[in-house]
Each structure stands twice: as C-alpha cells, then as structure tokens.
Amino acid sequence: MPLHLDLLALSHFRSHRLARLEADAGPLAIFGPNGAGKTNLLEAVSLLSPGRGLRRAEAEALARRPETLGWRVSARLTAPDGAHEVETGVEGDATSRAVRIDGKTAPQTRLGALIPMLWLTPAMDRLWIEGAGERRRFLDRLTLGFDPRHAETALAYEKAMRERNRLLRDDVRDPRWLDALEARMAESGARLSAARAAAVARLAAAQDGAETAFPAATLSLENEGPHAEDALRALWSCGRPRDFAAGRTLEGPHRADLSATYAEKGMEAKLCSTGEQKALLISLVLAAARAQSADRAAPPLLLLDEVAAHLDEARRAALYDEVCALGAQAWMTGTGPELFEALGDRALRVEVAEAPEGSVVRPQG
C-alpha cells in the first residue's frame, strides 16, 4: 500500500480552529482564495517530519490567535509496514513541540524515517537567486529522504559548532576544549558531507534517462570543504587564528552551497527565467521522489503549495501525470478548481474557505 495519510486532524492550528480531512492514497487538489488557510493545511502536514515545517515557524507561533491553548496536528498514516497514529503539538504556552507515535513519546528525528516527504513553496521559487543557506536547507530536505539520520547528524554538527563559536567569541583559547569540539564537529561533519554528496549522485541518476516534461539539472556542491574527519580537524585547527578574529567558524560543511545548471541549455539556474527556475525545482523534487520510491517501495508524500504558478497548461498537465505515475499522495494547492482540471477524477478535491469561526475544509468528492 502506498504511503499516505488517511486522516488529518487539526486543533487550534493557525487559521483552523478545528479541521478534519479524510483522504485516500491519491492526490489532493486543495483550492480556495488567498488567505483561506490552504497553505496552513500543508504546513500542518509538514510538521509530521523533523524540523520547523515548510514555513520554518517557531512552534509557539503556530497557535490560533487570540486563543493561547496551544495547537495539535494528528494523523493516521498508512505505510508499507502498516498503520500508525502520529501526533505533534504544543500545550499552552510551551515553546517546543512534542511528538507521539503510536501513543508513545518520540524524538522528532523518528519522523524522518516514518513519514518521508518533500515540499515546494512559492518562497522557494527564488531558491537559485537567494543565499546559500536556503539551498542548503533544500538539499538537506532531499537528503533526509535518502538518509533518515541526516537530521540527527545535522543537529549534532550544529550543536558542536555553536559551542565552538561561543569559545571563539569569548576568546577562550584552551586547546583541549577546542580539540574536543573540533573532533565532534569533524565526526558529524564528515557524515553530513558524505550524505549530501550521495544525495546529489542519486538525484543525477534519477534524472538520467527519465522521460519527463521537466528539464534536467546538473548539480554540484561548492564551498563544502574536505569530507574526511582528519582533514576537517586539520582545517579548523589551522584556521583558529582567523576564526578567533571573526568570532565564528568560517569554513566547513555549514558553508556548502548547491549549484544547478539547466543541462540542455548549459545555463546556470540563477540566470534562467522564472518559469525555467520553477521547472528545475519541480524536476529535482520529482527525481528525488523517484529515487526514494525505489529505496522504500513507496514514494514520499509531496506537498506542492501553489504549484501551478509559473507553469503553463501543458506543464501543469505533465506534472499531474507524473505525480499520478509515481503513485504519490500529493497535497497540492491553488486558488481555483480550474487549475486542477487536467487531473480529472484522479484527485480528491478539497475547498478551503474563510468563515467567522476560522478556516473551513470542505471535501468535494
């Protein structure tokens, strides 16, 4: 059975006071006016994975206002290994969210293995012309689908680096402390770089020979530094004078950048048109979904917010065909039902509307 959510239930989440949506394994075409609460549904689903979701919001910012009751997202999941109940949320004025899987408290990192998912948002349309940090996050999200421990590795690296940066800012030059922190950084940093490189290779392989209406991207990693543990330790040890002067760690995997080229045209993604940049993003997400499907015997969940923007009618139809061919449960939003006409009867249509009590979710059958 393909991976999918049978049920999504929200309580006091963003504009949704209470919402309940039952679905099958196929795509969902979610439509309604701007501000109705469509993206809030996708954001709720995205919080069933590690991290801060597709908007990168702080946990306490997700509660419906003016209430201060906290918020909850619950789901019933059908996965290749069976059914699961998953819940996440914040109680009252807590500042971090809790996760429960099948009734038991669990770390967020468990979600990466249980519910692999990929997403695209309108903010990501500028990915190729924004700073390197956004591209790193995009790559790490793709990498998480191949290596469920990637989020844990990234957290370990960032924690050790924050501690080293604190020593640098405070001008604490004890070599024993620095050696210990740099060893921890090197261990997790080597795994981080190796996982990213493996993901880029998998994406390249998934694009080769694929029959798709979306352009292939040639990918490369830049500014990532060495991959081996001993080389990373040497990099930071030798770089201490510069790092102390700057008050931060200047080199390493946290500086990596993802570069993409429109393969057929030989043009850097940042120089392509807005439509071409969007098509390249979609191509990479579809490639990642194909590769993950081969690994897991099921494609990941796809969250595609306002995906029809910048796509002509032919490419919209091609996207829907590819999503259906993958067998993925894709949660797609748009302002009107006409944007999803090419899906025919292959999707559950869901209208989201504004009401005095908050967003209202109306499945159309």
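Preceding block: the structure.
Okay, so let's go over this structure. (Residues numbered from 1 in each chain as written. Predicted model: local features only at pLDDT ≥ 70, side-chain atom pairs only at ≥ 80, totals over all residues. Heavy atoms only, no water.)

## What to know about the sheet that holds strand β1 (residues 4-13)
Alright, step 1. An order of β2-β1-β4-β5-β6-β7 is seen for the six strands of this open sheet, with the pairing classed as antiparallel. In the strand order of this sheet, the two ends are held by β2 (16-22) and β7 (104-105), each with one partner.
Alright, step 2. Of the pairings in the sheet, the one linking strand β5 (residues 82-91) to strand β6 (residues 98-101) comprises four bridges and is antiparallel in character. Each residue of the ladder has a partner; that of Glu87, found in β6, is Arg100.
Alright, step 3. The strands touched by helix α1 (residues 38-46) are β1, β2 and β4 (70-79); relative to β1, the strand with the most contacts, the crossing angle is about 110°. (Pairing = 2+ DSSP bridges. Helix = DSSP H or I, 4+ residues; strand = E, 2+ residues; numbered from the N terminus. Contact = heavy atoms within 4.5 Å. Axes fitted to C-alpha atoms, helices over the stretch in contact; angles between N-to-C directions.)

## Overview of the pattern of salt bridges
Alright, step 1. For the structure shown, the criterion picks out 29 salt bridges.
Alright, step 2. A salt bridge links Asp6 to Arg76; the shortest N-O distance between them is 4.0 Å. On the criterion of sequence distance, the pair formed by Asp6 in strand β1 and Arg76 in strand β4 is long-range, its members being 70 residues apart.
Alright, step 3. Given a relative accessible area of 16%, Asp6 falls into the buried group.
Alright, step 4. Of the residues examined, Arg76 reaches a relative accessible area of 30% and is grouped as partly exposed.
Alright, step 5. One salt bridge connects Asp171 with Arg173, and the closest N-O pair in it is separated by 2.8 Å.
Alright, step 6. By relative accessible area, which is 45% here, Asp171 ends up partly exposed.
Alright, step 7. When salt bridges that share partners are traced, they join Arg164, Asp179, Glu182, Arg240 and Asp243 into one network. (Salt bridge = Lys/Arg side-chain N within 4 Å of Asp/Glu carboxyl O. Buried < 20%, exposed > 50% of the residue type's maximum accessible area, 1.4 Å probe, protein only.)

## What to know about unusual backbone geometry
Alright, step 1. For Arg14, which is not glycine, the phi dihedral falls at a positive 50°.
Alright, step 2. Structurally, the position occupied by Arg14 is in the loop between β1 and β2.
Alright, step 3. In the Ramachandran plot, Asp102 falls in the positive-phi region, its phi being about 50° despite a non-glycine side chain.
Alright, step 4. Inspection of the secondary structure puts Asp102 in the loop between β6 and β7.
Alright, step 5. Assessed through its relative accessible area of 39%, Asp102 is described here as partly exposed.

What is shown is where atoms sit, not what they do.
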